[in-house]
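# Architecture and fold: a report
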Amino acid sequence: MTTTMPARLLRLLALLQGRREWPGGELAARLGVTTRTVRRDVDRLREQGYPVDSTTGTAGGYRLAAGTELPPLLLEDDEAVAVARGLIVASGTDEAAMRALAKLSQVLPARLRNAAAAVAEATVSLHSSPRTHIDPGLLTTLATACRDHELLTFAYERRDGAASRRRVEPYRLVAVVGLWYLVAFDVERDDWRTFRVDRLTDPTPTKLRFRPRELPEEGIGAHIVAGALNASYRFSGVALVQAPAAEVLARLHNPLPGKVEEVDERTCRVRLGSHNLSQIVAEVAAFEADFTLPDAPELAGHLHDFAQRLDRLRPP
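Notes on the structure follow. (Residues numbered from 1 in each chain as written. Predicted model: local features only at pLDDT ≥ 70, side-chain atom pairs only at ≥ 80, totals over all residues. Heavy atoms only, no water.)

This next bit is on the pairing of strand β12 (residues 267–274). For a regular strand, side-chain orientation follows a simple rule: the groups alternate between the two sheet faces. As paired strands, strand β10 (residues 235–241) and β12 are joined by seven bridges and run antiparallel to one another. Its bridge partner being in β12, Val 241 is matched across the sheet by Cys 268. Across four bridges, the pairing between strand β11 (residues 260–264) and β12 is antiparallel. Counterpart to Asp 264 in the pairing with β12 is Thr 267. Between β11 and β12, which pair antiparallel in sequence order, lie two residues. (Pairing = 2+ DSSP bridges. Helix = DSSP H or I, 4+ residues; strand = E, 2+ residues; numbered from the N terminus.)

Taking 1.5 Å of rise per residue, 13 residues should cover 18 Å, and helix α3 (residues 35–47) covers 18 Å from first to last C-alpha, within 8% of that figure. Regarding α3, the residues found buried are Val 38, Asp 41, Val 42 and Leu 45. All buried residues of α3 fall inside an arc of 105° around its axis, so they share one side. Opposite the buried face of α3, by more than 90 degrees, sit the exposed residues Arg 36 and Glu 47. Count one or two residues on from α3 and you reach Gly 49, which has phi positive near 100°. (Expected span 1.5 Å × (residues − 1). Buried < 20%, exposed > 50% of the residue type's maximum accessible area, 1.4 Å probe, protein only. Arc of directions from axis to C-beta.)

Below, the discussion takes up the side chain of Lys 259. Looking at the secondary structure, you find Lys 259 in the loop between α9 (245–251) and β11. In this structure the side chain of Lys 259 is engaged in a polar contact, spanning 2.5 Å, whose partner is the backbone oxygen of Arg 271. A polar side-chain atom of Lys 259 sits 3.3 Å from a polar atom in the side chain of Glu 283. (Polar contact = N/O pair within 3.5 Å; in protein donor to acceptor, adjacent residues only side chain to side chain.)

Here we come to the packing of helix α10 (residues 277–287) against helix α11 (residues 297–311). One way to put it is that α10 packs onto α11 with a least axis distance of 11 Å and a crossing angle of 85°. Taken together, the axes of α10 and α11 lie roughly perpendicular to each other. On α11, the residues touching Leu 277, Ile 280, Val 281 and Val 284 of α10 are Leu 299, His 302, Leu 303 and Phe 306. (Axes fitted to C-alpha atoms, helices over the stretch in contact; angles between N-to-C directions. Parallel < 35°, antiparallel > 145°, perpendicular 65-115°, else oblique. Contact = heavy atoms within 4.5 Å.)

Within the secondary structure layout, Glu 265 lies in the loop between β11 and β12. For the pair Glu 265 and Ala 243, spaced 22 residues apart in the sequence, the C-alpha separation amounts to 8.0 Å.

So, about the sheet that holds strand β2 (residues 52–55). Taken in spatial order, the three strands of this open sheet run β1-β3-β2, and their pairing is antiparallel. Unpaired on one side and paired on the other, β1 (22–23) and β2 mark the two borders of the sheet. As defined by bridge partners, β1 adjoins strand β3 (residues 61–64) across two bridges and the pair is classed as antiparallel. For Pro 23, the partnering residue across the bridge sits in β3 and is Gly 61.

The next point concerns the sheet that holds β10. Pairing in this open sheet of four strands is antiparallel, and the strands run β11-β12-β10-β13 from one edge to the other. Edge positions in the open sheet fall to β11 and β13 (291–292), since each of these has one partner strand only. In this sheet, β13 lies alongside β10 in antiparallel orientation, the contact comprising two bridges. Paired with Val 241 across the strands is Phe 291, a residue of β13.

None of this, on its own, says anything about what the molecule does.
Written out as C-alpha cells, the structure reads:
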C-alpha cells in the first residue's frame, strides 16, 4: 500500500502513464486509498502542471492528455531521497525497481535527480525494510561518497559507547533487519568494517578519490549477515525450539539468513543475540513453542528471572 503523499503521487503518475484510461475506483484500489483521496491527488498533479483529464462514464475516471511533455514533480529534497530509498528497499534491485526509478528521474527537478540516483545506486536491500529513521541528508552524503569513490570521515559510536573518528573508503549502504549499515574499508585499520548508520554523525567528504578495491569475497550481503550473527552480544545463545524451522522463521520479525537451522521435521535451532534482554524476550515469545537453551545457561537464567517477574504480576 502506498500511503505517503509524495510516493503515492509518483505511483499515481506511473499508473496514468501505463494505461490510456483508469476508472477512479480502480485507481483507488491500486493505491490503497479512497476515491476522494484520488480526486485530491489528481488536483495536486494538475496544480503542478500535469494534464490529467477527467473521463465520463458510469464511475468516471482519469487519463493523461496525449502528446504533452510532463513537468517536474515538485518534491522537497528529503521527500525525493525518501521515495528513491523506499523503492529500492521495497523492491530490491530487480527490473521493476529500476523501471520505477527511471520514472522517478523523469519527473524530478534536475537538482534532485543526482541525490536520488546516488541513493538508488549505492543501496542494497536484504530481506526487510529498515525501521530506524535516518535523515535523508545523511543518506545522500553517504550514498554520494559511495558512488563517487570519495574518502569520507565521520564520528562513530560503537556498541559499548566508545567514540572514535573514522576515515574510510565507502562502498555500499545496506538495509537489513530494520537497520541501515555502511560497508566501507577502514583506511587506518586496513580492513573492511560495517558501520551502523544511526551511530554515525558528522560525515565529511574529503574531496579525495580512491581506487575501488575488490569487495569482500563473501559478498556485501553475506558480509553484513556474518557480522550481525557473529557479533559479541551481552545476551546470546542458541535455542533448541520444538517447532518446524519454516514455522519459526515465518514468526520471526526480519530474520537474518542462517539464523534458523533445521534439526529435523519438528525441531530447529535459532541463534539469539542482543545487548537488550527485552529483544531476546520478544524473539523467544515469537517462537510460540517450547524451547531450551542447552549451551547458554547464563541466558537461560536471565529469561527465567524475567519469567518469574512476570509471574508475580498475575492477579491474586
